[in-house]
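Residues per chain, in single letters:
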Amino acid sequence: MTVAVQPAATVAPLRDGAHGLEVLLLQRSPALVFAPGAWVFPGGRVDAADHHRGADLAPRLAAVREAAEEAGLLLDPDALVEVAHWTTPPGQPRRYATWFFVADANGCGGVRIDDVEAVDYRWLRPADALDAGWRGQLHLIRPTVATLQQLQEFADVATALAAFAGRAMPYHSPDR
């Protein structure tokens, strides 16, 4: 059975913590079909309503909407920086073509998870999140690991945003 690939977007909210750059990870509900129990960035499907400012902005609006719904964060869609695009491999119960963004979450308020899609959250330094994943303490999926690996080279939010703004966005697709 062929599963249709749906457009999606996710955003890695970043903040300047006491010991350097931190990223927000949400734990997905174990009851969900796609990546149950995984620690991921806020995100989800691009809905029809996300196209109200045009198709080009729809992924940004979806990422911002999902961050608000899942984590209570109010991010600026115009301030998101694209970092990658991932397509779920064939054979999965759900497939997505997902835009990955990073955003400055300093001053965006406290996290309030929805307890539906997200059941827990943590602000972690990227290296600490990767270490917890390697030790089996956090279930991380491949695109999250790749993004965390890139983020661990930055000391603060401003440096990360500037560096990503100057890079070409890589596409990761098993169909290509």
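Everything numeric in this text was worked out from a predicted model, so none of it was measured.

Attention now goes to the pattern of salt bridges. Applying the stated rule across the entire model yields nine salt bridges. In this structure, Asp50 and Arg65 form a salt bridge, with 2.8 Å as the shortest nitrogen-oxygen distance. Of the two residues, Asp50 is situated in the loop between strand 4 (43–45) and helix 1 (58–71) and Arg65 in helix 1; the sequence distance between them amounts to 15 residues. Each member of the pair Asp50 and Arg65 is classed as buried. Here Arg135 and Asp131 are joined by a salt bridge, their closest N and O atoms 2.7 Å apart. Its relative accessible area of 33% is what places Asp131 among the partly exposed residues. A network of salt bridges, in which partner residues are shared, links Asp47, Asp50, Arg65, Glu66 and Glu69.

Within the secondary structure layout, Pro143 lies in helix 3 (residues 142–151). For Pro143, a relative accessible area of 16% puts it in the buried group. In sequence terms Pro143 and Thr87 are 56 residues apart; their C-alpha atoms lie 9.4 Å from each other. The contact partners of Pro143, leaving out residues within four places of it in the chain, are Trp86 and Phe100.

Every buried residue of helix 4 (residues 157–165) is listed here: Val157, Ala160, Leu161 and Phe164. Angularly, the buried residues of helix 4 cover 95° about the axis, an arc narrow enough to put them on a single face. Away from its buried face by more than 90 degrees, helix 4 exposes Ala158 and Ala162. Residues of helix 4 that are buried sit in contact with strand 1 (5–17), strand 2 (20–28), strand 5 (81–87), strand 6 (95–104) and helix 3. Measuring from the backbone nitrogen of Ala158 back to the side-chain oxygen at the start of helix 4 gives 3.4 Å, which picks out Asp156 as the cap.

Residue position: Ser29 is located in the loop between strand 2 and strand 3 (39–40). Its relative accessible area of 9% is what places Ser29 among the buried residues. Beyond its immediate chain neighbours, meaning those up to four positions away, Ser29 contacts Pro36, Gly37, Val116, Glu117 and Val119.

As a further point, take the nonpolar core. If you look at the biggest cluster of nonpolar residues, it comprises 27 residues, and the most contacted ones within it are Leu14, Leu25, Val102 and Leu148. Taken together, the elements giving at least two residues each to this core come down to strand 1, strand 2, strand 5, strand 6, helix 2 (126–134), helix 3 and helix 4. Apart from the residues within four sequence positions on either side, Val102 is in contact with Val11, Ala12, Leu14, Ala79, Leu80, Val81, Val83, Leu151, Leu161 and Phe164. Counting residues in each nonpolar core, the second largest holds 21 residues, with Ala62, Ala63, Leu80 and Cys108 among its members.

The rules behind each value
Residues numbered from 1 in each chain as written. Predicted model: local features only at pLDDT ≥ 70, side-chain atom pairs only at ≥ 80, totals over all residues. Heavy atoms only, no water. Salt bridge = Lys/Arg side-chain N within 4 Å of Asp/Glu carboxyl O. Helix = DSSP H or I, 4+ residues; strand = E, 2+ residues; numbered from the N terminus. Buried < 20%, exposed > 50% of the residue type's maximum accessible area, 1.4 Å probe, protein only. Contact = heavy atoms within 4.5 Å. Arc of directions from axis to C-beta. Polar contact = N/O pair within 3.5 Å; in protein donor to acceptor, adjacent residues only side chain to side chain. Core = buried A, V, L, I, M, F, W, Y, C linked by side-chain atoms within 4.5 Å.

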